[in-house]
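What follows is each chain in one-letter form.
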There are 2 protein chains.
Amino acid sequence: MLKLTRKVEYALIALRHMQGKELESVSSTKEIAVRYNIPIEILAKTLQHLAKENIIEPINGPHGGYRLKAQLGDINLVEFFERVEGPLGLSDCFYDSNCVQIDYCNIRTPIQRINANMMSMFRSMSVQDVTN
Amino acid sequence: MLKLTRKVEYALIALRHMQGKELESVSSTKEIAVRYNIPIEILAKTLQHLAKENIIEPINGPHGGYRLKAQLGDINLVEFFERVEGPLGLSDCFYDSNCVQIDYCNIRTPIQRINANMMSMFRSMSVQDVTN
DNA sequence: TTTATATCCGATAGATTCTGTCGTATATAT
DNA sequence: ATATATACGACAGAATCTATCGGATATAAA
Ligand code: FES
Ligand code: FES
């Protein structure tokens, strides 16, 4: 409950790794996987995903890899989490509405308030706050 | 990711239900399950758990059920979540330390900071803020 | 042009957590 | 006695999370 997924953690680890290098330099999936002891295949997918989201830029071929593309300071954590994992919320009831309780629920409004607090907290931090 | 469990939602629904009734009056599992369309067996366990935590008080026999025992305003949400679901944290790495990355991780400290923010946000709200 | 290194991507499998069910025991008001 | 309620362990099904496999495309360098 209320945990980040590995995918998000791997993404952040990789971004921090890239952030720590010179601007133009390139990091390969293998390099990162070995360095941080992350299963290479799953990291590969994560980086492909980040590339599709234009957060990093892929470079093919030998000596290839990825380098930062987006300004990490411009991406707040809600946006980041949603781009990596999809819709965010304390409960599905806000964006899904398939909830069996929805017609009877007596806590929907208060939960929504708490959810708003949580979102606003994450929105107040950028990816760079994590990778610095 | 970052969602409440049903168990927590059911607990909050039940507590709010009880809060809305007269102080001495008793609510049975069945009454609540029917009212909010919650599977009765799972609600039963949830209420038994709340009773063990001294948050509600069980009353056996016909016309029995549960009634509020604790002051909901005195229980903050971190405490509540932990009493219902166990240890809370954005990542297991803080209380578990079985993480494979732990020796190499470059985001542990920043994540811990974010985690502290989240905890403090939930700590600033009481169960009553949800059930009122 | 061949080779080696790298990203790309769908399909699948395994593990864990979440959610719900069943059976049986115990307590008590009527 | 009987009906109604809580108590509780064991289990099963579903959903999500995590990891693996196979084979494709791109490109630098020999
Ligand atoms: S639990 Fe879904 S609407 Fe309240
Ligand atoms: S992911 Fe576990 S210590 Fe960073």
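Turning to the packing of aromatic side chains, a few remarks are in order. This model, assessed by the stated rule, comprises 4 aromatic pairs over all chains. Here B:F81 and B:F122 contribute two aromatic rings whose centre-to-centre distance is 5.3 Å and whose plane-to-plane angle is 75°, an arrangement assigned as edge-to-face. Separated by 41 residues along the polypeptide, B:F81 in helix 4 (residues 77-85) and B:F122 in helix 5 (residues 108-123) bring together distant segments of the chain. Given a relative accessible area of 3%, B:F81 falls into the buried group. Among the aromatic residues, those joined into a cluster by ring pairs are A:F80, A:F81 and A:F122. Between A:R35 and the ring centre of A:Y36, over which it is positioned, the NZ or CZ distance is 4.7 Å.

With that out of the way, let us pick up the interface of chain B and chain A. Across the boundary between the two partners, chain B contributes 44 residues, which contact 44 residues of chain A. When the two sides are added together, the surface that chain B and chain A hide from each other amounts to roughly 4200 Å², 64% of it contributed by carbon and sulfur. In this structure, the salt-bridge partner of A:K3 is B:D92, at a minimum N-O distance of 3.1 Å. For the side of chain B that touches chain A, the secondary structure elements donating two or more residues are helix 1 (6-19), helix 2 (29-36), helix 4, helix 5 and helix 6 (127-131) of chain B. Tallied by class, residues from the side of chain B that touches chain A come to 27 nonpolar, 8 polar and 9 charged.

What counts and what doesn't
Residues numbered from 1 in each chain as written. Chains lettered and ligands numbered in written order. Predicted model: local features only at pLDDT ≥ 70, side-chain atom pairs only at ≥ 80, totals over all residues. Heavy atoms only, no water. Phe/Tyr/Trp six-rings, centres within 6.5 Å; stacked < 30°, edge-to-face > 60°. Helix = DSSP H or I, 4+ residues; strand = E, 2+ residues; numbered from the N terminus. Buried < 20%, exposed > 50% of the residue type's maximum accessible area, 1.4 Å probe, protein only. Lys NZ or Arg CZ within 6 Å of the ring centre and 35° of its normal. Contact = heavy atoms within 4.5 Å. Buried area = accessible area lost by both parts, 1.4 Å probe. Salt bridge = Lys/Arg side-chain N within 4 Å of Asp/Glu carboxyl O. Nonpolar A, V, L, I, M, F, W, Y, C, P; charged D, E, K, R; others polar.

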